[in-house]
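Geometric and topological summary
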Protein chains: 2
Amino acid sequence: MMENDIFKALADPTRRAIFEKLASTQSMNASALREGISISQPAMSQHLAVLRQAKLVQEERQGRFVHYRVKPDGLALIVQWVARYSTFWPDRIDALRQTLKEMDQ
Amino acid sequence: MMENDIFKALADPTRRAIFEKLASTQSMNASALREGISISQPAMSQHLAVLRQAKLVQEERQGRFVHYRVKPDGLALIVQWVARYSTFWPDRIDALRQTLKEMDQ
DNA sequence: CAAACACATAAGTCCATGCTTATGTGTTTG
DNA sequence: CAAACACATAAGCATGGACTTATGTGTTTG
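In this report, the structure presented in the accompanying data block is examined. (Residues numbered from 1 in each chain as written. Chains lettered and ligands numbered in written order. Predicted model: local features only at pLDDT ≥ 70, side-chain atom pairs only at ≥ 80, totals over all residues. Heavy atoms only, no water.)

The next thing to look at is the overall build of chain A. For chain A, the count of helices and strands is 6 helices and 3 strands. When its helices and strands are written in sequence order, chain A yields α-α-β-α-α-β-β-α-α. Taking all 105 residues of chain A together, the buried fraction comes to 43%. Counted over contacts in chain A with a minimum sequence separation of 6, partners at least 24 positions apart contribute 50%. (Helix = DSSP H or I, 4+ residues; strand = E, 2+ residues; numbered from the N terminus. Buried < 20%, exposed > 50% of the residue type's maximum accessible area, 1.4 Å probe, protein only. Contact = heavy atoms within 4.5 Å.)

Encoded structure:
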């Protein structure tokens, strides 16, 4: 199941760090992503493969570089899953509500 | 980090099934939770311990039964984490927006 | 109070996973 | 076109995690 792929992909702290770094920019190639994260080249490549399979990121080859970027709809399933239990976080709902309000502007 | 505990706890499909079942009721003891889920008693106990440590559920002993229930604010960190990337799921946002709207009623 | 019960913990096994080194594939460049 | 480069894949290893059986702890009940 795809939902499971996403949860498993995000369960690793290194992968979340990669995703977060990727989200902070337009797009970035694999080598640039390694900067600041102490990790070997194959390890990065493997992590990106996991994120790719979970459809959280998308790749685009440009010459000998592969540019990665966060996939717009990647977190949708997580959002939907969490939303099912939205009645359980009445306090925190306001923050999300505010986020949505800001998106309208 | 607590965020990591939550992601890891939700990364297992059996644990998500337990959480979902628990969310569908007020509270339930460990034996009742096993019904429908093909799992041994110790396995259930261990899964509940993981969910407990992630603060996704809370326990309450009543006699020789231990009643579990979903902890209201348990998913807050996930919501906050996801909300940081809300600009990346513009299409799916409507579903969540609708959920919030329904909560208002 | 001994047996039954609900649950937790211990200990061991098996498979998944994150890492490493080594090598392969595709692209650019001197 | 050979070397350098960016990245992917292969293979092996070590750890983590989900399961099992066995046993422990606390509570109820006949």
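With that out of the way, let us pick up the sheet that holds strand β3 (residues 65–70) of chain B. All names here are of chain B. Read from one edge of the open sheet, 3 strands run β1-β3-β2, paired in antiparallel fashion. With one partner strand each, in any of the chains shown, β1 (28–29) and β2 (57–62) form the two edges of the open sheet. Pairing of β1 with β3 involves 2 bridges; the strand directions are antiparallel. Looking at β3, one finds that Asn-29 is bridged to His-67. Sitting on the sheet, helix α2 (residues 13–23) touches β1, β2 and β3, and the angle it makes with β3 is about 90°. (Pairing = 2+ DSSP bridges. Axes fitted to C-alpha atoms, helices over the stretch in contact; angles between N-to-C directions.)

All right, on to the protein's contact with DNA strand D then. The full set close to DNA strand D counts 23 residues, and Ser31(A), Ser45(A), Tyr68(A), Ser40(B) and His47(B) are the nearest of them. Within the side chain of His47(B), one N or O atom sits 2.2 Å away from a phosphate oxygen of DNA strand D. Listed by contribution, the elements that provide at least two residues to the surface near DNA strand D are α3 (30–34), α4 (41–53) and β3 (65–70) of chain A together with α2 and α4 (41–53) of chain B. Within the surface near DNA strand D, the residues separate by chemical class into 7 nonpolar, 10 polar and 6 charged. (Near = heavy atom within 4 Å. Polar contact = N/O pair within 3.5 Å; in protein donor to acceptor, adjacent residues only side chain to side chain. Nonpolar A, V, L, I, M, F, W, Y, C, P; charged D, E, K, R; others polar.)

Another aspect to go through is the pattern of salt bridges. One pass over the structure, following the stated rule, counts 8 salt bridges over all chains. Of the charged contacts, one joins Arg84(B) and Glu20(A) as a salt bridge, the two residues approaching to 3.7 Å between their closest N and O atoms. A residue pair is termed interchain when its members come from two chains, as with Arg84(B) in the loop between α5 (76–83) and α6 (93–103) and Glu20(A) in helix α2 (residues 13–23). The shortest N-O distance in the salt bridge between Glu59(B) and Arg52(B) comes to 3.8 Å. (Salt bridge = Lys/Arg side-chain N within 4 Å of Asp/Glu carboxyl O.)

Residues and elements named next belong to chain A. Read across the open sheet, the 3 strands follow the order β1-β3-β2; overall the sheet is antiparallel. Only two strands of the sheet have a single neighbouring strand rather than two, namely β1 (28–29) and β2 (57–62). By the bridge criterion, 6 bridges tie β2 to β3 in an arrangement that is antiparallel. Each residue of the ladder has a partner; that of Glu-60, found in β3, is His-67. Strands in contact with α2 are β1, β2 and β3; relative to β3, the strand with the most contacts, it is inclined by about 90°. Sitting on the sheet, α4 touches β2 and β3, and the angle it makes with β2 is about 120°.

This part is about the packing of α2(B) against α4(B). The relative placement of two packed helices is expressed as an angle between their axes plus a distance between the axes. Residue and element names in this part refer to chain B. At a minimum axis separation of 10 Å, α2 and α4 run at an interaxial angle of 80°. In terms of orientation, α2 lies roughly perpendicular with respect to α4. Between α2 and α4, the contacting residues are Thr-14, Arg-15 and Ile-18 on the first element and Met-44, His-47, Leu-48, Val-50 and Leu-51 on the second. When the residues that make up the contact of α2 with α4 are grouped by side-chain class, the tally is 5 nonpolar, 2 polar and 1 charged. (Parallel < 35°, antiparallel > 145°, perpendicular 65-115°, else oblique.)

Residues and elements named next belong to chain B. Counting across every chain of the model gives 8 aromatic pairs over all chains. With a centroid separation of 4.8 Å and 65° between ring planes, the pair formed by Trp-81 and Tyr-85 is classed as edge-to-face. Grouping residues by exposure puts Trp-81 and Tyr-85 together as buried. (Phe/Tyr/Trp six-rings, centres within 6.5 Å; stacked < 30°, edge-to-face > 60°.)

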